[in-house]
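Now for the letters of each chain:
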Amino acid sequence: MLELVDLHVYRGATHVLRGISMTVDEGEVVALIGANGAGKTTTLQTVSGLLRPRTGEVTLRSQGRRIALAAQAPEAIVRLGVVHCPEGRQVFASLSVEENLMIGAYARRQRTGIAADLARVHDLFPILAERRAQRAGSLSGGEQMMLAVGRALMARPRLLLLDEPSLGLAPQMVETIFAVIRDLNRAGVTILLVEQNAAMALELAHRGYVLENGTIALSGPAEALLADEQVKHAYLGIAG
Amino acid sequence: MTQYYVQQLVNGLTLGSLYALVAIGFSMIYGIVRLINFAHGDIAMVGAFSTLGLVAVGAPWPVTILVVLAVGALAGVTIEAVAFRPMRNAPQVTGFIATLAVSVVIQNVGIMVFSGQPRNFLFPDVMRTRVPLGPATVSLTDLVIVGVTVVLMSLLVVIVHRTRLGMAMRATAENLQVARLMGIDINRTIMAAFGLGSALAAVAGLMWGGRFGQIDPLFGFVPGLKAFVASVIGGVGSIGGAVLGGYLLGMAEVLFVGLLPPEYAGYRDALVFTTLILILLVLPNGLLGRGVEDRA
Amino acid sequence: MGRGLVALGLGAAAVAVMQASFNDYLLTLASIILINVMLTTSLSLTNGLTGLFSLGHPAFMTIGGYVAAILTYPARRKGFMMPELPEALAVQQWDLLPSLLVGGTAAALIAVLVGFPVLRLRGHYLAVATLGLIIIVKVLVNNMDGYTRGGLGLNGLPQLTNLWWVFGWTALSIIVCWRIKHSSLGRTMMALRENYMAAQCMGVSALGISLIAFVTGAFFAGVAGGLMAHLITVITPGTYSVVLAFNLVVMIVVGGNGSLTGAIVATVILSIASEALRPVEEALELYGLSQVILALCLILMLIYRPGGLFGSAEPALVRRWFTRRSP
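Given the structure is predicted, the values throughout are model-derived calculations rather than measurements.

*Asks:* Help me understand the sheet that holds strand 2 (residues 14-24) of chain A in this model?
*Replies:* In sheet architecture, strand pairing relies on hydrogen bonds along the backbone and comes in two forms, parallel and antiparallel. Residue and element names in this part refer to chain A. Taken in spatial order, the four strands of this open sheet run 2-1-4-5, and their pairing is antiparallel. For this open sheet the edge positions go to strand 2 and strand 5 (65-68), each flanked by a neighbour on one side alone. For this sheet, the mean inter-axis angle between neighbouring strands, taken without regard to orientation, is 25°. In this sheet, strand 2 lies alongside strand 1 (residues 2-11) in antiparallel orientation, the contact comprising eight bridges. Bridge pairing in strand 2 links Tyr 10 to His 15. Of the strands in this sheet, strand 1, strand 2 and strand 4 (55-62) touch helix 1 (residues 40-47), which is tilted by about 110° from strand 1.

*Asks:* Looking at this structure, how should I read the interface of chain C and chain B?
*Replies:* Interfaces are often sized by the accessible area lost when the parts come together. Each partner contributes to the interface: chain C provides 41 residues, whereas chain B provides 42 residues. In total, chain C and chain B occlude about 3600 Å² of area from one another, counting both sides; carbon and sulfur atoms represent 84% of this. Looking only at chain C, the three residues that lose the most surface to chain B are His 124, Tyr 125 and Val 128 of chain C, adding up to 18% of its buried area. Counting the contacts that link chain C with chain B gives two residue pairs in polar contact (both at pLDDT 80 or more). When residues of the side of chain C that touches chain B are assigned to their parent elements, the largest contribution, 12 residues, is made by helix 7 (residues 124-143) of chain C. For the side of chain C that touches chain B, the per-class residue count stands at 32 nonpolar, seven polar and two charged.

*Asks:* Is there a simple way to think about the sheet that holds strand 10 (residues 215-221) of chain A in this case?
*Replies:* Residues and elements named next belong to chain A. If you walk across this open sheet you meet the six strands as 6-7-8-3-9-10, and the pairing is mixed. The open sheet has two edge strands with one neighbour each: strand 6 (82-85) and strand 10. Strand-to-strand twist across the sheet, computed as the mean angle between neighbouring axes with direction ignored, equals 15°. In this structure, strand 6 lies alongside strand 7 (residues 159-163), joined through four bridges in parallel fashion.

*Asks:* Is there a simple way to explain helix 6 (residues 141-153) of chain A in this structure?
*Replies:* Each full turn of the α-helix corresponds to 3.6 residues, which orients residues three or four apart in the same direction. Residue and element names in this part refer to chain A. Taking 1.5 Å of rise per residue, the 13 residues of helix 6 would be expected to cover 18 Å, and the 18 Å separating its terminal C-alpha atoms lies within 8% of that figure. When you tally the buried positions in helix 6, you get 12 out of 13 residues, the bulk of the element. Looking at helix 6, one finds that the buried residues are Gly 142, Glu 143, Gln 144, Met 145, Met 146, Leu 147, Ala 148, Val 149, Gly 150, Arg 151, Ala 152 and Leu 153.

*Asks:* Honestly, the pattern of salt bridges in this entry has me stumped. Any pointers?
*Replies:* When the charged atoms of two side chains with opposite charge come close together, those side chains can pair. Enumeration over the complete set of coordinates arrives at 18 salt bridges over all chains. For Glu 98 of chain A, the salt bridge identified is with Arg 132 of chain A, shortest N-O distance 3.9 Å. Residue Glu 98 of chain A is located in helix 3 (residues 97-104), and its partner Arg 132 of chain A is located in the loop between helix 5 (126-130) and helix 6; the two are separated by 34 residues in the primary sequence. Of the charged contacts, one joins Arg 170 of chain B and Glu 99 of chain A as a salt bridge, the two residues approaching to 2.7 Å between their closest N and O atoms. In this pair, Arg 170 of chain B is assigned in helix 6 (residues 164-174) and Glu 99 of chain A in helix 3, connecting two distinct chains. For the pair shown, Arg 170 of chain B and Glu 99 of chain A are each scored as buried.

Rules used throughout
- Residues numbered from 1 in each chain as written.
- Chains lettered and ligands numbered in written order.
- Predicted model: local features only at pLDDT ≥ 70, side-chain atom pairs only at ≥ 80, totals over all residues.
- Heavy atoms only, no water.
- Pairing = 2+ DSSP bridges.
- Helix = DSSP H or I, 4+ residues; strand = E, 2+ residues; numbered from the N terminus.
- Axes fitted to C-alpha atoms, helices over the stretch in contact; angles between N-to-C directions.
- Contact = heavy atoms within 4.5 Å.
- Buried area = accessible area lost by both parts, 1.4 Å probe.
- Polar contact = N/O pair within 3.5 Å; in protein donor to acceptor, adjacent residues only side chain to side chain.
- Nonpolar A, V, L, I, M, F, W, Y, C, P; charged D, E, K, R; others polar.
- Expected span 1.5 Å × (residues − 1).
- Buried < 20%, exposed > 50% of the residue type's maximum accessible area, 1.4 Å probe, protein only.
- Salt bridge = Lys/Arg side-chain N within 4 Å of Asp/Glu carboxyl O.

Here it is in structure tokens:
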């Protein structure tokens with residue numbers, strides 16, 4: 001569904017991604033793991049159009065069409081069903097919970113089905129229904145994460161880019177969020193998951209890529225990566 | 001004596017309304033693009049001169065107001081397209097210089113077209129009618145200015161808080177990057193902020209002319225700067241703050257002139273800008289504003 | 001500094017030639033251009049090197065100009081022109097140099113007073129606060145008519161400024177700015193401009209450094225205000241206005257972000273160009289035309305060549321000339 005070919009991306013003068021190639025197939029959960037500064041967020045931001053690659057291709061295969069994403073604006077990419085849920089939640093603190101969810105649906109061309117989707121998000125995260133009129137900034141960290149995921153769902157993603165959904169959350173909340181991610185995938189959403197928490201990510205994912213200094217150091221089925229000595233040592237905190 | 005105090009109060013409200021209308025635009029634009037539009041005050045001048053033209057061709061006043069709103073919006077959108085958009089990724093300082101340049105262009109084109117001589121600007125005679133208000137009377141002009149301001153502000157509140165566009169504007173002001181990720185076309189949102197803010201400034205210019213009787217191509221600049229001071233008092237970036245700051249500044253100016261011996265009246269503008277420096281010293285975020293520090 | 005002395009000597013020779021061959025109009029024009037050079041080099045400390053955006057030069061010029069004018073004014077006419085002047089001052093009639101120094105110092109003191117609250121905040125606040133300062137100073141001068149004759153201004157100042165004075169002060173301001181730029185202080189200023197946060201994290205006192213740039217600039221602006229007043233023999237509250245601030249900013253931007261050579265070259269070219277456009281304006285009766293052209297040039301420059309003519313560096317030729325020791 002998504003294909004990155006020899007991607008080079010700069011942030012200002014810094015060469016962050018140095019030739020990345022990877023694929024995400026329809027229906028998969030793919031985990032992208034690596035240390036801080038390896039280029040995980042940069043990869044997602046390039047896919048969602050916030051950053052432009054210097055060279056290389058980002059291709060979306062959708063309904064038999066091949067679309068070059070690198071030439072598109074972020075708002076156009078959202079309309080293609082590629083939705084990026086950014087790191088650190090980043091809900092709109094001064095807007096109400098409900099407005100945040102409606103912003104999620106902002107890019108949708110047909111306005112029908114929005115109410116149904118809102119109900120679905122409320123079913124998934126009942127707390128968001130309870131707090132619908134509250135300012136998003138007054139929610140707890142975990143509730144904000146639910147709001148961020150719910151907001152992304154309102155865009156009806158076909159490919160969801162999730163950046164560090166476990167960051168700063170209590171373990172129980174992490175369980176909840178990961179359960180939702182699994183359910184979403186079962187319901188047909190393809191997911192590219194960036195995580196510091198490599199163990200959880202690889203347990204959930206079908207396949208994984210390990211990013212080191214802007215290049216892919218290792219890739220393979222999730223179970224294989226979980227069993228890999230190098231990965232165990234560097235990312236799973238298990239002495240090898 | 002009652003008449004005197006009521007008149008002072010009305011003077012303060014009238015002046016405050018005009019400052020508030022201009023300050024709102026500063027705040028809306030700053031809220032989204034983090035830039036002060038130095039040409040914003042000159043939009044008021046453009047509004048006032050458009051009014052002269054419309055009156056000359058005999059347009060009825062309601063039509064005039066609508067056209068002036070449109071002219072202001074158009075001017076704002078043009079400034080955005082010419083001077084802001086090409087420099088959106090440039091350092092902040094570049095943006096200030098560009099808007100200052102736009103201000104110089106507008107003022108001097110004004111001088112080239114209309115000459116620098118002040119022109120009389122008259123509301124219809126009926127506006128000079130005195131209307132009884134409690135124990136005193138006030139002029140219809142002042143009532144209309146305050147009334148129009150309240151109506152326009154209410155409209156703005158509806159747009160900002162009850163429409164999709166307004167929601168997108170608030171989201172963009174809070175976090176431009178994430179707004180883009182939600183599929184918001186920020187170019188359109190920024191354009192809307194310039195358009196709405198400038199439309200209000202243009203009407204403020206119309207009413208400024210009618211209240212003070214004379215306009216010239218440079219008249220918008222200093223009131224524009226004072227309106228910026230008002231938005232700083234309220235907290236730049238906050239529309240509510242701009243309104244509050246506008247009325248506080250209008251009242252303060254009127255009190256200053258009204259309470260002190262007449263020989264100090266000339267120091268009014270010095271007071272306004274000294275206030276700015278003092279506010280920046282003790283309350284840099286203003287009364288209702290969030291942080292003004294640069295986002296890293 | 002051997003090469004520097006050579007350059008100074010060449011400049012002095014040029015001044016001597018001009019002094020001998022130019023008529024009054026050309027001498028005045030040359031003086032005004034040099035004063036502009038002094039203004040832009042000193043303003044480039046803040047606006048070029050440190051990445052601040054001050055529009056305050058006209059305010060400092062007005063302060064320095066009036067202070068100097070009051071000091072040099074013929075004592076026998078002071079009672080009539082400045083009735084409220086204290087007796088001690090009213091009997092004084094100073095020479096140009098001490099008056100300029102006092103004027104510059106007064107401007108610098110005001111700069112400390114304004115800079116302290118405003119320079120803690122970045123960017124636009126300095127721009128608006130300094131615009132405000134222009135208005136504050138103008139209002140004060142207008143209303144303190146016992147000292148300043150209000151809106152009428154002070155005319156009939158002794159014409160004490162000549163090309164030599166202007167040359168000396170301009171050379172001094174260039175030397176000071178050059179020295180600052182190529183010292184560790186100057187590098188710290190540029191570090192602030194490039195990355196404010198990072199520079200602060202490295203223990204740079206942003207406020208202190210910004211104040212040095214701002215106050216030094218204000219001193220030279222004050223002196224320039226005094227020089228100009230004693231050149232054209234008159235000063236009014238509106239002589240140095242926002243328009244002047246804008247023109248100075250244009251010259252700096254066109255010259256390049258912190259390049260002294262660029263600022264000097266741009267100042268000379270733009271000053272001559274605007275003087276040349278004046279008859280065109282008058283012939284067409286399109287007053288304001290040259291300002292519009294200047295502003296449009298600036299916008300185009302900002303879009304298509306934001307680094308200015310020379311960027312931040314001095315051109316290699318100039319740099320080599322001054323940095324290599326003479327044989």
